[in-house]
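Residues per chain are reported as follows:
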Amino acid sequence: SFILSRSGSSAGVGFAIPAAMVRRAVDTALGGKSTLVRPWLGAKGDGMTTEIARSLGLSRPDGILVSDVYPGGPADKAGLKTGDVILGINGEAVNDPKALNYRVGLLNPNDAAALKVLRAGKELSLTARVTPPSGAPKDQRALSGNFPLNGATVVNLSPAVADEIGLDPFVASKGVMIYALSGRSYAAAAGFRPGDIVKDVNGQAITSTAQLESVMKSARRFTITISRGGQNITAQF
């Protein structure tokens, strides 16, 4: 699809998009839609190492060791559990998380995915109906008023919103995130950044954009805790 070349000639590092992924996008466009909706399994894991494979009684390090299953997601409903090993999907072997994501990404929303799973030394067959990530409505709000988050646009986090903006749905699955900042706003001058997750204000845990707006408008002094890069930061205003 493009090439990275120091000389400008056709010599360098080439990049390609798999034809199967292009077909999904083209089919979506031909169907009259403007957004490609990606299906979601709701499970993540790590590639198998030789040591882990040996401990599980495997002759070689095949498959993906499931480290997390999203509650209520397609994988959870199918019966997949933490500690399971996914060996394949729809007859295709998967040996790393990218391969699993690719195979799921080729499916249409609500398609059935046949999972070949190893659990406690026994192979199982599970069927997961992959769906788009879901969750609370985005409820995007531009905050305005005499408070520290004036000029911040905030959204409710959910697996769907996290997937839309390129975050890990497992990490950013709930709470309220600063989506954008007006360049000359009080919020920008105070040091807030897009991507900050507002955890609590004046001791109240923040769970929705509507609640955050209400709390900000009803107070005059503010103690705000945000999560940034996995660390909590608290400031007083």
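Residues numbered from 1 in each chain as written. Predicted model: local features only at pLDDT ≥ 70, side-chain atom pairs only at ≥ 80, totals over all residues. Heavy atoms only, no water.

1. Observations concerning the overall build of the protein chain
Link 1 in the chain: Within the protein chain, the secondary structure is distributed over seven helices and 15 strands.
Link 2 in the chain: Its C-alpha atoms give the protein chain a radius of gyration of 22 Å, clearly above 18 Å, the size a compact globule of 237 residues would have.
Link 3 in the chain: Once the C-alpha set of the protein chain is aligned to its principal axes, its extents read approximately 65 × 50 × 40 Å.
Link 4 in the chain: Across the 237 residues that make up the protein chain, the buried fraction comes to 35%.
Link 5 in the chain: Relative to all contacts within the protein chain whose residues are 6 or more apart in sequence, the contacts with residues 24 or more apart total 48%. (Helix = DSSP H or I, 4+ residues; strand = E, 2+ residues; numbered from the N terminus. Rg over C-alpha atoms; globule rule 2.2 N^0.38 Å. Buried < 20%, exposed > 50% of the residue type's maximum accessible area, 1.4 Å probe, protein only. Contact = heavy atoms within 4.5 Å.)

2. As for the side chain of Asp 84
Link 1 in the chain: Within the element layout of this structure, Asp 84 appears in the loop between helix 3 (74-78) and strand 5 (85-89).
Link 2 in the chain: For Asp 84, the side chain forms a polar contact with the side chain of Arg 119, separated by 2.8 Å.
Link 3 in the chain: Once you skip the residues sitting within four places of it in the chain, Asp 84 turns out to touch Ile 64, Leu 65, Val 66, Gly 79, Val 117, Leu 118 and Arg 119. (Polar contact = N/O pair within 3.5 Å; in protein donor to acceptor, adjacent residues only side chain to side chain.)

3. Some points on the pattern of salt bridges
Proximity of charged atoms lets side chains of opposite charge pair with each other.
Link 1 in the chain: Considering all chains together, one arrives at eight salt bridges under this definition.
Link 2 in the chain: We note a salt bridge from Arg 141 to Glu 213, for which the minimum N-O separation is 2.6 Å. A residue pair is termed long-range when its members are at least 10 positions apart, and Arg 141 in strand 9 (residues 141-142) and Glu 213 in helix 7 (residues 209-218) qualify at 72 residues.
Link 3 in the chain: Given a relative accessible area of 26%, Arg 141 falls into the partly exposed group.
Link 4 in the chain: One salt bridge connects Lys 217 with Glu 213, and the closest N-O pair in it is separated by 3.6 Å. Placement of both Lys 217 and Glu 213 in helix 7 is noted, with a separation of four residues, approximately one turn of the helix.
Link 5 in the chain: For Lys 217, a relative accessible area of 54% translates into the label exposed.
Link 6 in the chain: With relative accessibility at 15%, the residue Glu 213 sits in the buried group.
Link 7 in the chain: Each of Asp 139, Arg 141, Glu 213 and Lys 217 takes part in salt bridges that share partners, so that together they form one network. (Salt bridge = Lys/Arg side-chain N within 4 Å of Asp/Glu carboxyl O.)

4. A few points about the side chain of Asp 196
Link 1 in the chain: Considering the arrangement of structural elements, one finds Asp 196 in the loop between helix 6 (186-189) and strand 12 (197-201).
Link 2 in the chain: Among the polar contacts made by the side chain of Asp 196, one reaches the main-chain amide nitrogen of Arg 193 at a distance of 2.8 Å.
Link 3 in the chain: In this structure, Asp 196 is in contact with Val 176, Met 177, Ile 178, Ile 226, Ser 227 and Arg 228, ignoring residues within four places of it in sequence.

5. A few points about the nonpolar core
Link 1 in the chain: Ranked by size, the top nonpolar core spans 20 residues in total, and within it Leu 41, Leu 80 and Leu 115 carry the most contacts.
Link 2 in the chain: Contributing elements (two or more residues each) for this core: strand 4 (64-69), helix 3, strand 5, helix 4 (97-105), strand 7 (112-119) and strand 8 (122-129).
Link 3 in the chain: When residues no more than four places from it in sequence are discounted, the contact partners of Leu 115 are Leu 41, Gly 88, Ile 89, Leu 124, Ser 125, Leu 126 and Ala 128.
Link 4 in the chain: The next biggest cluster of nonpolar side chains, apart from the first, holds 19 residues, and it includes Val 176, Ala 187, Val 198 and Val 201. (Core = buried A, V, L, I, M, F, W, Y, C linked by side-chain atoms within 4.5 Å.)

6. A short note on helix 1 (residues 19-30)
Residues spaced three or four apart along an α-helix face the same direction, because each turn holds 3.6 residues.
Link 1 in the chain: Between its first and last C-alpha, helix 1 extends 16 Å over twelve residues, near the 16 Å set by a 1.5 Å rise per residue.
Link 2 in the chain: Within helix 1, burial applies to Ala 20, Arg 24 and Thr 28. End-on, the buried residues of helix 1 take up no more than an arc of 85°, which puts them together on one face. Turned more than 90 degrees away from the buried face of helix 1, the exposed residues are Ala 19 and Leu 30.
Link 3 in the chain: On its buried side, helix 1 packs onto helix 4. (Expected span 1.5 Å × (residues − 1). Arc of directions from axis to C-beta.)

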